[in-house]
Amino acid sequence: MKPATRDALVARLAEFGRVVEVGIGNRPDVAAALADRVAVTATDVVPREVPEGVRFVVDDVTDPSPDVYEAADALYALNLPPELHRPALAVARRHDAVLAFTTLGAEQPAVPVRRETIPGETLFWAGERDESPR
């Protein structure tokens, strides 16, 4: 990920007090940068190494453990596949949080979103109070 993209993501997500990254995989750079500014929990379906300051929990957003998300203000995911858009949004709504995500290439969101152009990427916002397109 380009530094300008990472920095833009971090700037947007740092506005929230507590965030959960869904499916951190092997890309911990956003979580690492955020951990200096907000409380970060990272999840994945298999154990992953995470940077210092990031809490890690094995969890599957399609069968979530509620306690992982209960205090979150926002969930975010990088390159979230379309089949996980609805489950991730359901978890965010259940916990009164917003969902921010990116997709792979030309994939389109499978849920209602607000689009935000950031350097090198489109950031999709779902679960906001007003989900009407802007």
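Everything below is about the structure shown above.
All values derive from a computational prediction rather than experimental measurement. (Residues numbered from 1 in each chain as written. Predicted model: local features only at pLDDT ≥ 70, side-chain atom pairs only at ≥ 80, totals over all residues. Heavy atoms only, no water.)

Draft legend 1. Highlighting the sheet that holds strand β5 (residues 98–101). The sheet built from seven strands is open, its strands ordered β3-β2-β1-β4-β5-β7-β6 with mixed pairing. Every interior strand has two partners, whereas the edge strands, β3 (54–58) and β6 (114–118), have only one. Pairwise comparison of adjacent strand axes, ignoring direction, gives a mean angle of 25 degrees for this sheet. Two strands pair when backbone bridges link them, and β5 and strand β7 (residues 121–126) are joined in this way by three bridges, in the antiparallel orientation. Across the sheet, the residue bridging to Leu-99 is Ala-126, located in β7. Packing against the sheet, helix α4 (residues 85–94) makes contact with β4 (74–77), β5 and β7, and its axis sits at approximately 145 degrees to β5. (Pairing = 2+ DSSP bridges. Helix = DSSP H or I, 4+ residues; strand = E, 2+ residues; numbered from the N terminus. Axes fitted to C-alpha atoms, helices over the stretch in contact; angles between N-to-C directions. Contact = heavy atoms within 4.5 Å.)

Draft legend 2. Quick look at the side chain of Glu-128. Along the chain, Glu-128 falls in the segment after β7. Judged by relative accessible area, which is 18%, Glu-128 ranks as buried. Apart from residues no more than four positions distant in its own chain, Glu-128 is found in contact with Val-98 and Arg-114. (Buried < 20%, exposed > 50% of the residue type's maximum accessible area, 1.4 Å probe, protein only.)

Draft legend 3. Summary view of the environment of Asp-96. Here Asp-96 shows up in the loop between α4 and β5. For Asp-96 and Ala-71, which are 25 residues apart along the polypeptide, the C-alpha to C-alpha distance reads 9.1 Å.

Draft legend 4. Summary view of the pattern of salt bridges. Inspection of every chain in the model, using the stated rule, returns four salt bridges. Two residues, Asp-44 and Arg-48, come together in a salt bridge whose shortest N-O distance is 3.2 Å. Arg-48 gets classed as partly exposed once you look at its relative accessible area, which sits at 27%. (Salt bridge = Lys/Arg side-chain N within 4 Å of Asp/Glu carboxyl O.)

Draft legend 5. The pairing of β4, seen in detail. Going residue by residue along β4, you find Ala-74 and Tyr-76 tucked away on one face and Leu-75 and Ala-77 tucked away on the opposite face as well. Pairing analysis gives three bridges linking strand β1 (residues 18–21) to β4, with the strands arranged parallel. Following the sheet pairing, Val-20 is matched in β4 by Leu-75. With four bridges joining them, β4 and β5 adopt parallel strand pairing. Each residue of the ladder has a partner; that of Ala-77, found in β5, is Phe-101. Read as a crossover between parallel neighbours, the route from β4 over α4 to β5 is right-handed. (Right-handed = clockwise from strand over helix to strand, strands pointing away.)

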